[in-house]
Amino acid sequence: MAKVMLREVDGIVSFYFPKKDMEETIEEIEFDTEENWGGNAVLSNGETWWIQPGAKKLPKEEVCKKISD
(Lines give C-alpha, C1' and ligand atoms only; values in the text may rest on other atoms or scores of the structure.)
Protein backbone atom coordinates (compact mmCIF):
# COMPACT_ATOMS: atom_id res chain seq x y z
CA MET A 1 0.00 0.00 0.00
CA ALA A 2 1.27 3.44 -0.87
CA LYS A 3 0.06 6.98 -0.27
CA VAL A 4 -0.28 8.82 -3.59
CA MET A 5 -1.60 12.18 -4.76
CA LEU A 6 -4.23 12.30 -7.51
CA ARG A 7 -5.00 15.53 -9.37
CA GLU A 8 -6.69 16.49 -12.62
CA VAL A 9 -5.63 19.18 -15.08
CA ASP A 10 -7.48 19.67 -18.38
CA GLY A 11 -9.13 16.23 -18.11
CA ILE A 12 -5.84 14.38 -17.52
CA VAL A 13 -5.47 12.68 -14.14
CA SER A 14 -1.96 12.64 -12.65
CA PHE A 15 -0.82 9.91 -10.25
CA TYR A 16 2.08 11.09 -8.07
CA PHE A 17 3.94 8.69 -5.76
CA PRO A 18 6.20 10.94 -3.64
CA LYS A 19 8.23 8.14 -2.03
CA LYS A 20 9.70 7.29 -5.48
CA ASP A 21 9.23 10.78 -6.96
CA MET A 22 7.18 9.12 -9.72
CA GLU A 23 4.53 11.05 -11.61
CA GLU A 24 2.51 9.32 -14.32
CA THR A 25 -0.84 9.86 -15.99
CA ILE A 26 -3.76 7.48 -15.66
CA GLU A 27 -4.38 6.01 -19.12
CA GLU A 28 -7.29 3.67 -18.21
CA ILE A 29 -9.51 3.41 -15.14
CA GLU A 30 -12.04 0.68 -14.30
CA PHE A 31 -14.83 2.95 -12.99
CA ASP A 32 -15.00 6.39 -14.62
CA THR A 33 -18.04 8.34 -13.43
CA GLU A 34 -18.22 11.30 -11.06
CA GLU A 35 -20.08 9.18 -8.46
CA ASN A 36 -17.99 5.99 -8.82
CA TRP A 37 -14.38 6.58 -9.84
CA GLY A 38 -11.45 4.21 -9.23
CA GLY A 39 -10.71 0.49 -9.40
CA ASN A 40 -7.84 -0.84 -11.51
CA ALA A 41 -5.88 2.05 -12.99
CA VAL A 42 -3.33 1.60 -15.78
CA LEU A 43 -0.61 4.25 -15.70
CA SER A 44 1.39 5.68 -18.60
CA ASN A 45 4.42 3.60 -17.51
CA GLY A 46 2.41 0.34 -17.81
CA GLU A 47 1.94 -0.30 -14.08
CA THR A 48 -1.50 -1.18 -12.72
CA TRP A 49 -2.62 0.20 -9.36
CA TRP A 50 -5.82 -0.29 -7.34
CA ILE A 51 -7.62 2.92 -6.31
CA GLN A 52 -10.53 2.55 -3.87
CA PRO A 53 -13.68 3.44 -5.86
CA GLY A 54 -15.60 6.46 -4.64
CA ALA A 55 -16.69 9.94 -5.65
CA LYS A 56 -14.28 11.70 -8.01
CA LYS A 57 -13.20 14.64 -5.87
CA LEU A 58 -9.75 15.65 -7.05
CA PRO A 59 -7.16 16.64 -5.94
CA LYS A 60 -6.90 14.14 -3.13
CA GLU A 61 -4.45 11.94 -1.30
CA GLU A 62 -5.28 8.23 -1.55
CA VAL A 63 -3.83 4.96 -0.28
CA CYS A 64 -3.40 2.70 -3.33
CA LYS A 65 -2.04 -0.78 -3.97
CA LYS A 66 0.28 -1.75 -6.82
CA ILE A 67 -1.20 -4.71 -8.74
CA SER A 68 1.41 -5.27 -11.47
CA ASP A 69 4.45 -3.76 -13.21
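Residues numbered from 1 in each chain as written. Predicted model: local features only at pLDDT ≥ 70, side-chain atom pairs only at ≥ 80, totals over all residues. Heavy atoms only, no water.

Our focus in this paragraph is the nonpolar core. Leu6, Phe15, Phe17, Ile26, Trp37, Trp49 and Ile51 are the most contacted members of the largest nonpolar core, which totals 15 residues. Broken down by secondary-structure element, the contributors of at least two residues to this core are strand 1 (2-9), strand 2 (12-17), strand 3 (22-32), strand 4 (37-43) and strand 5 (48-54). For Ile26, the residues in contact, after removing those within four places along its chain, are Leu6, Val13, Phe15, Trp37, Ala41, Val42, Leu43 and Ile51. (Core = buried A, V, L, I, M, F, W, Y, C linked by side-chain atoms within 4.5 Å. Buried < 20%, exposed > 50% of the residue type's maximum accessible area, 1.4 Å probe, protein only. Helix = DSSP H or I, 4+ residues; strand = E, 2+ residues; numbered from the N terminus. Contact = heavy atoms within 4.5 Å.)

So, on to the pattern of salt bridges. Tallying each qualifying case throughout the model produces six salt bridges. The salt bridge partner of Lys56 is Glu8, with a shortest N-O separation of 3.3 Å. Residue Lys56 is found in the loop between strand 5 and strand 6 (60-68), and its partner Glu8 is found in strand 1; the two are separated by 48 residues along the sequence. Under the relative-accessibility criterion, Glu8 is labelled partly exposed at 35%. Among the salt bridges present, the one from Lys66 reaches Asp69, with a minimum N-O distance of 2.6 Å. Accessibility expressed as a relative area gives 32% for Lys66, which makes it partly exposed. (Salt bridge = Lys/Arg side-chain N within 4 Å of Asp/Glu carboxyl O.)

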